[in-house]
Amino acid sequence: MRPILVESCFPCHSGQAKTLQGGLRLDSRAGLLKGGFRGPAFTAAKPEGSRLLEAIGYVNKDLTMPPKGKLSEEKIAALTAWVTEGAAWPKTGAKPSAASASTFSIKQRAAHWSFQPIVRPVAPQVQPRGWAANAVDRFILAGLQKAGLKPAPQADRTTLIRRVTFDLIGLPPTPAEIDDFLADRQPGAYRRLVDRLLASPRYGERWARHWLDLVRYAETDGHEFDFEKQGAFEYRDYVIRALNADLPFDQFVREHVAGDLLKPRIDPTSGRNESLTATGFWYMGEGKHSPVDLKVDEGERVDNQIDVFGKAFLGLTLGCARCHDHKFDPISTRDYYALSGVLKSSRFQQANIVSPPGMAEAVRSLQSVRTRMLAVSTWQLAGIAAIAGIETFEEFDGTNFGDWMQTGSAFGAGPVADVLRLSGRGSEARIDALGASGAADSGALGEKLEGALRSRTFRVSKPFILYRMAIDGDTEVNLVLDGFQRIRDPLYGRLKIRANSNGKLAWFSQDVSKFIGHRGYIEFVDYGPGKIAVDTVAFSDKSVPQEPAAPRTASGAAESGVVEALLLERQAIENSILAPVYAMAMTDGTGEDDVVHIRGSYKTPGAAVGRRFLEVCSGANQQAPARGSGRQEIADRMLAPTNTLVRRVIVNRLWHHHFGRGLAATPDDLGFMGLPPSHPKLLDWLASEFLAQNWSIKQMHRMMVLSSTYQMSSTGDVVSERTDPTNRLVHRMPVRRLEAEAIRDTLLAVSGRLDLKMYGPSVLPYLTSFMEGRGRPGSSGPLDGTGRRSIYMGVRRNFLNPMFLAFDFPVPFNSMGRRNVSNVPAQALTMMNNPFVVEQAGVWAARLLSISETDQERITRMYRTALGRSPTPDEVSQAQDFVQSQETGDTVQPQLRAWQDLAHVFFNLKEFIFVR
Amino acid sequence: MFDTAQRAELLSLLGRRELFSRLGSGAGALALACLLHDEAGAQSGYVPYNLLPKKPRLPVKAKRVIYLFQNGGPSQVDLFDPKPELTRQDGQKPGEGFVNDVDAKKTGKWLGSPFKFARNGKCGMELSELLPELGKHADEIALVRSMVSEHENHEQACCHMHTGMPEAGRPTFGSWVTYGLGTVNQNLPAFVALLQPGGLPVDGARNWSSGWMPPVYQGMPVRASETTPILNLTPRIPAKAASSRLEFLQGMNRRHLASHSENLELEARIANFELAARMQVAATDALDVSKEPKTIHDLYGLNTAATSVYARQCIMARRLVERGVRFVQVMMVGQPWDTHTDNSNQLRTLCKSTDQPVAALLTDLKQRGLLDDTLVIWTGEFGRTPFAEGKDGRDHHKRGFSLWAAGGGINGGVSHGATDEFGYAAVHDVVTVADFHATMLNQLGLDFRRLTFHFESRDQRLTDVHEANIVRQILS
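Keep in mind that this is a model prediction, so the values were computed, not measured.

### With respect to the overall build of chain A
Within chain A, the secondary structure is distributed over 31 helices and 17 strands. Here the C-alpha coordinates of chain A stretch approximately 100 × 95 × 60 Å along the principal axes. Evaluated residue by residue, chain A yields a buried proportion of 59% over its 916 residues. Counted over contacts in chain A with a minimum sequence separation of 6, partners at least 24 positions apart contribute 73%. Between the centroid of the 110 positive side chains of chain A and the centroid of its 100 negative side chains there is a distance of 6 Å.

This is how it looks when you write it as structure tokens:
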């Protein structure tokens, strides 16, 4: 037997295996008995049922050994005989080692710096006192002096206004702004400049883009068809508003994690439910339109959610703990699956995010119409024949929805006794009763309200689900299995029912035979115009009820004048209700714990683990949520004063954006494999100050940009350059290249084409002839994106802007807190030849020529607009020479073309896209 | 990566001052660009990356790759893997254990191939009558009939084939190769994705993305069209105006540099404009297939309607690798091999449009002495079911499919591995996607275990966590 085992099994399942697979060793009888992650390989009591035989027999398609091909018939026969006869083993076999025993210790690993409590450090006393503008400077100066270095001198004021303007609002200062700043000789001029920039709506547009990098923001699903994510841009607008309003960061985090469970925070201007919209970030990931294995897809989707959550908020690579305990950080697979349980207990909703003030009142008025309808109509229910052979899931007979979960307002306060429909005009006006015996009815209060009703999570156990319902208009029934929402043909069309039953109750059956064993829930959705009334939901072995329901009779009667009055009253109320506005959001589902997936596969389930936050942050004995997902508890624990990660991560990110490099240079990973902070005490001081300033992001900006450190020149002295060549100690400011978006925005600002319109649906991408392909939007957007800022340009996964990509726009698949800053020829080609850049040079030239001034004046204006400084006399004359001698080959508008070429040269100057 | 020793060597060879004086003189400028970028990178705390040629650790059998990707999943039993038993049982219900992984309910009846297979070359490799031209190269290609994938969906399977893992976001094969080897011609992109004028393949730019690697390693999309093969390659103004404009620009940039000489990143930028300008010339030349003689046009079928698109791609691919491009990935629009219906007629059309150009590419590389150290790979992301989908189609299939490779130290004439009697599952010498990647990297002198890129706190590989074996049987 041994040769077969040695050859076919030992490479992966013995002491000689490079990596032991499945925790299984077959080089001893004890190993055989002990087995691996899936249990014993050999069962002495019933040898013929041993897992080893199952595996080599290739009968279970999830367990086929050896994986690369079935053994020969002879070998299988030999092994089978050996196993069924008791798997005799010579005495000398090795003992199973503790190869799979874990050396993982949360306690030990929690000693890592980022998990330590934040004790507010005292800023060091430094000399000279004059240099330090605030505590930040005292830490930095102390660090420099310890290394025998001096800070670089202060940057000149033209450099400073350009630097801080780009940094805070992502646009160049205008010549007028520069003049104002240079003219303001009063103390506090720089502070006033910073305050003006922070108060500008442009600030939110600039910094929202930094945040969007962290949540892999995109407006389509990618993959084969690049389907649109409905209302994705609402999330982008939410972030802009939150930053402009300086929403305390703890609230911002809380809204992201559990905004649907909080008291809604309504934006007074737009009427948007901000807290609900924030949860859309969970769904910014890629979506597959027809994944073959729903459970694998669910695992990948949740993995991406956990990974983004971990990196963006906690600076931890939680995704590493999906298949094994984290190799370096104090994160176990149990932690991972605790969070997985939280997310699997949460559900997607296409949520109506407008919630205007008068809404509750309108619903009350509709309710009153309903009450009067009931009062004026009389009807009779006939007996209902029992239906044999079906298992009733829900009949909606009670006074409330029980364990069904409701969002929106369409389904009212609870089930109705019968489904009543108002219709007709004048003498034709009537009330019909459809003949239900208790129903959930989204039309009970009229046709306009939107809402959804979702069942508890259940296991599909029979091949058909039957619905007795009246379904009309923009409504649907979804069976959501394993959290899979994006229901698309070819494989999953049958999970969605959209139909029109002409205002009558009818039986519908849904074939779910393929999905027996999967877990999921039923969702009745009314998107507004339309109505759906559900009388019965049942599970069945057959596609139609064995005994059709006996016809039920119903009749309603009332004076038509009264009915018409009711109808008109209802219409008037409905007209006052705003149409719904949809965005992606989360909602709570049935709370269910997940189990550890051994090696990350659902096919090898391990022990169940309660829904909770990370053990290293909040201990092993966290109270389980009483119901629902437990996201609110997660948010509370993340933001508890004892949890240090959220604050350290965000202040480090802010530092990263202001100074070009985080105090810890790996902003998405403050774990063991990340780089340790260059100034740990400064980082902790900032994290502590952040709390003292009530989590105000704008206060942190002020603290950083008002420091003398930030105001240093980007030129260091020779000694400092030699001692601190990587500028780790911040002896000067770095020179930085503008990001893709800022480059485009600057082109528009300089040419005069910039349109400062805020918010709303994104501008379709301009599609080059290189962007043909499946999922291509029906039409191309304009070349200049109608002059809107780059944050309003659509982010379609399969059609990302080539200019942005050339300048390191991150592909939206995961958190990206630190963009690449590359310098490749494609950038030169883009700036030289991209039609948008060429066009903007023309727009600028035309605008310049429309102002009556001398060449010298015009050239000076160009320098001041594009580079934020005045030219030297030499520069003026060189530019003048160029314009005069440039042979553009254009005989119609030679002057315009020559100035366009000069404008284009400005766009290509290093000085244009580098900020000192 | 640009290692310290190399950098020191370059510096001592040239010296900084010397480098500056060479600005604009071809190789010196590029060396400078890379060198300076490197230093600038170090300054800002970023790890530096570049495309300078690197010496691999293992013996080099192949110096460049032409990767003919057949999106959609070509049908193995109709092209490469003759199955008489399948033909015999045509129309019968498959037995226990033969299911359609996409949807068990869609498991149709056995669908024998209507195409005849013949022995080719000295080796006697059996190939379908749909591939008469490829058949003439049987002694040069190694055919693997026992490939398996883990996914029966296009997106995951393509992603797996391109990046080693099914999830999006990782660097593609070409990115790994250019990261590991750099490139010898700095006037051309190192990694080219050669597309058809009709449009992108399914999943678009993801097929040549550098994922979390820096964008220097991403494929540059080039369209096999007569008019604009590269976006933004050429100035939109007359050449003379463009050149005087560039001259003026560089003058301004240099003066700026002179007053801010401490900023290395800025210096590297100057070189990039010159490189871009040189690329305009070099790439325009490389992609101009009209410079080929008529005999070459005819060999590939450039002037025949059916073959012209793929012929142009194959000629461009040859011209690019000839000029030192490291990795050329030839892609088709959409996913043409996805023959869910009317399988046999679709295959006829597809083979008619590709068989001659592919064979011509092998002939042409060989006659130029390039085949020996050029790896040519032909594969899809998976195969197709040996049973029918619907009346006359075949569904996606991961359990057994075929691919071939040639040149670059591949042992021609080998048929490796086997599927069962129906062509359903690979049963002998099974080759996984990871095995395939490891083997191809090996030919390029790259050890799949040691070619790593540090990301997300670990050293990542093309094969990621997969175990892999080099398929020695197909190597010479």
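Text resumes after the structure shown.
### Looking at the overall build of chain B
The number of helices and strands found in chain B is 14 helices and 17 strands. Long-range contacts, defined here as pairs at least 24 residues apart, represent 77% of the contacts in chain B between residues at least 6 apart. Summed over all atoms, the accessible surface of chain B reaches about 16600 Å², with 53% contributed by carbon and sulfur.

### Some thoughts on the pattern of salt bridges
Overall, the coordinates contain 86 salt bridges over all chains when judged by the stated rule. Ionic pairing is found between A:R206 and A:E739, a salt bridge with its closest N-O pair at 3.0 Å. Highlighted residues: A:R206 in helix α10 (residues 201-214) and A:E739 in the loop between β16 (736-737) and α24 (740-751), separated in sequence by 533 residues. For the pair shown, A:R206 and A:E739 are each scored as buried. When salt bridges with common partners are traced through the structure, they connect B:D285, B:K291, B:E292, B:R318, B:R319, B:E322, B:R323, B:D364 and B:R368 into a single cluster.

### Quick word on the packing of aromatic side chains
Following the criterion strictly, the structure yields 57 aromatic pairs over all chains and no others. For the pair A:W844 and A:F907, a centre-to-centre distance of 5.7 Å together with 10° between the ring planes defines the contact as stacked. Taken together, the residues A:W844 in helix α27 (residues 835-850) and A:F907 in helix α30 (residues 894-908) connect sequence positions 63 residues apart. Just as A:W844 is buried, A:F907 falls in that class too. Plain terms: the ring middles of B:F387 and B:Y424 are 6.0 Å apart, the flat faces sit at 35° to each other, and that makes the pair tilted. Of this pair, B:F387 sits in the loop between β9 (383-384) and β10 (396-397) while B:Y424 sits in the loop between β13 (418-419) and β14 (426-428), and the two are 37 residues apart along the sequence. Here B:F387 matches B:Y424 in class, with each residue buried.

### A few points about the nonpolar core
Within the largest apolar cluster, 225 residues are counted, with the highest numbers of intra-cluster contacts made by A:F309, A:L314, A:M638, A:L686 and B:W404. What A:F309 contacts, discounting residues up to four positions off in sequence, is A:V257, A:W282, A:L314, A:L318, A:L339, A:F613, A:I634 and A:M638.

### Some words on the pairing of strand β1 (residues 64-69) of chain B
Residue and element names in this part refer to chain B. Most of β1 is tucked away, with 6 of its 6 residues classed as buried. Neither face of β1 is left uncovered, since the one carrying R64, I66 and L68 and the one carrying V65, Y67 and F69 both have all their residues buried. Sheet analysis places β1 next to strand β8 (residues 374-379), joined by 6 bridges and oriented parallel. Bridging across to β8, V65 finds its partner in L375. As paired elements, β1 and strand β7 (residues 327-330) share 4 bridges and run parallel to each other. Bridging from a neighbouring strand, V65 pairs with F327 of β7.

### Notes on the side chain of A:T475
Summarising the element assignment, A:T475 is placed in strand β9 (residues 464-481). Residue classification places A:T475 among the buried residues on the basis of a relative accessible area of 0%.

### Side note on the interface of chain A and chain B
Contacts between the two partners involve 89 residues from chain A and, on the opposite side, 84 residues from chain B. Across the chain A-chain B interface, the total number found is 5 salt bridges. One salt bridge in this structure joins A:D901 and B:R245, with 3.7 Å as the shortest N-O distance. Summed over the shared surface of chain A and chain B, the result is 8 residue pairs in polar contact (both at pLDDT 80 or more). Element by element, the count of residues in the side of chain A that touches chain B is highest for helix α26 (residues 825-833) of chain A, at 7 residues. In terms of residue class, the side of chain A that touches chain B is built from 30 nonpolar, 32 polar and 27 charged.

### Remarks on the side chain of A:D784
Examined against the element boundaries, A:D784 turns out to sit in the loop between α24 and α25 (802-806). Given a relative accessible area of 11%, A:D784 falls into the buried group.

### Some words on the packing of helix α28 (residues 855-867) of chain A against helix α29 (residues 873-885) of chain A
In a pair of packed helices, the angle between the axes and the distance between the axes together describe the arrangement. Residues and elements named next belong to chain A. As a packed pair, α28 and α29 sit with axes 10 Å apart at the nearest point and diverge in direction by 110°. The orientation of α28 relative to α29 falls into the category roughly perpendicular. Between α28 and α29 lies a crossing whose hand is right-handed. Where α28 approaches α29, its residues D855, Q856, I859, T860 and Y863 are matched on the opposing element by E875, V876, A879, Q880 and Q884. When grouped by side-chain class, the residues that make up the contact of α28 with α29 number 4 nonpolar, 4 polar and 2 charged.

### Some words on the environment of A:S332
Residue and element names in this part refer to chain A. Within the fold, S332 resides in the loop between α14 (294-314) and α15 (333-344). Through-space distance from the C-alpha of S332 to that of S105 is 8.9 Å; in sequence the pair is 227 residues apart. When neighbours within four sequence positions are excluded, S332 is seen to be in contact with F104, A321 and D325.

### Describing α10(A)
Residue and element names in this part refer to chain A. Most of α10 sits inside the fold, with 13 of its 14 residues counted as buried. The N-capping residue of α10, defined by a side-chain oxygen 3.0 Å from the backbone nitrogen of R202, is S200. Just beyond α10, the residue with positive phi is R216, at close to 45°.

### Let's talk about unusual backbone geometry
All names here are of chain A. Of note, the bond from M65 into P66 is cis; its omega dihedral lies within 30 degrees of zero at -10°. Examined against the element boundaries, P66 turns out to sit in the loop between α3 (51-56) and α4 (73-84). Cis peptide bonds are those with omega within 30 degrees of zero, and the linkage from Q127 to P128 qualifies with -5°. By the secondary structure assignment, P128 is in the loop between α5 (106-109) and α6 (135-146). One non-glycine residue with positive phi stands out, namely D246, at about 50°. Inspection of the secondary structure assignment puts D246 in the loop between α11 (232-244) and α12 (249-258). In this structure, R599 is a non-glycine residue whose phi angle is positive, near 55°. Topologically, R599 is positioned in the loop between β14 (594-597) and β15 (605-609).

Procedures and definitions
- Residues numbered from 1 in each chain as written.
- Chains lettered and ligands numbered in written order.
- Predicted model: local features only at pLDDT ≥ 70, side-chain atom pairs only at ≥ 80, totals over all residues.
- Heavy atoms only, no water.
- Helix = DSSP H or I, 4+ residues; strand = E, 2+ residues; numbered from the N terminus.
- Buried < 20%, exposed > 50% of the residue type's maximum accessible area, 1.4 Å probe, protein only.
- Contact = heavy atoms within 4.5 Å.
- Lys, Arg positive; Asp, Glu negative; His and termini not counted.
- Charge placed at Lys NZ, Arg CZ, Asp CG, Glu CD.
- Areas by Shrake-Rupley, 256 points an atom, 1.4 Å probe, with all protein chains shown as cover.
- Salt bridge = Lys/Arg side-chain N within 4 Å of Asp/Glu carboxyl O.
- Phe/Tyr/Trp six-rings, centres within 6.5 Å; stacked < 30°, edge-to-face > 60°.
- Core = buried A, V, L, I, M, F, W, Y, C linked by side-chain atoms within 4.5 Å.
- Pairing = 2+ DSSP bridges.
- Polar contact = N/O pair within 3.5 Å; in protein donor to acceptor, adjacent residues only side chain to side chain.
- Nonpolar A, V, L, I, M, F, W, Y, C, P; charged D, E, K, R; others polar.
- Axes fitted to C-alpha atoms, helices over the stretch in contact; angles between N-to-C directions.
- Parallel < 35°, antiparallel > 145°, perpendicular 65-115°, else oblique.
- Left-handed = near helix turned anticlockwise from the far one by under 90°.

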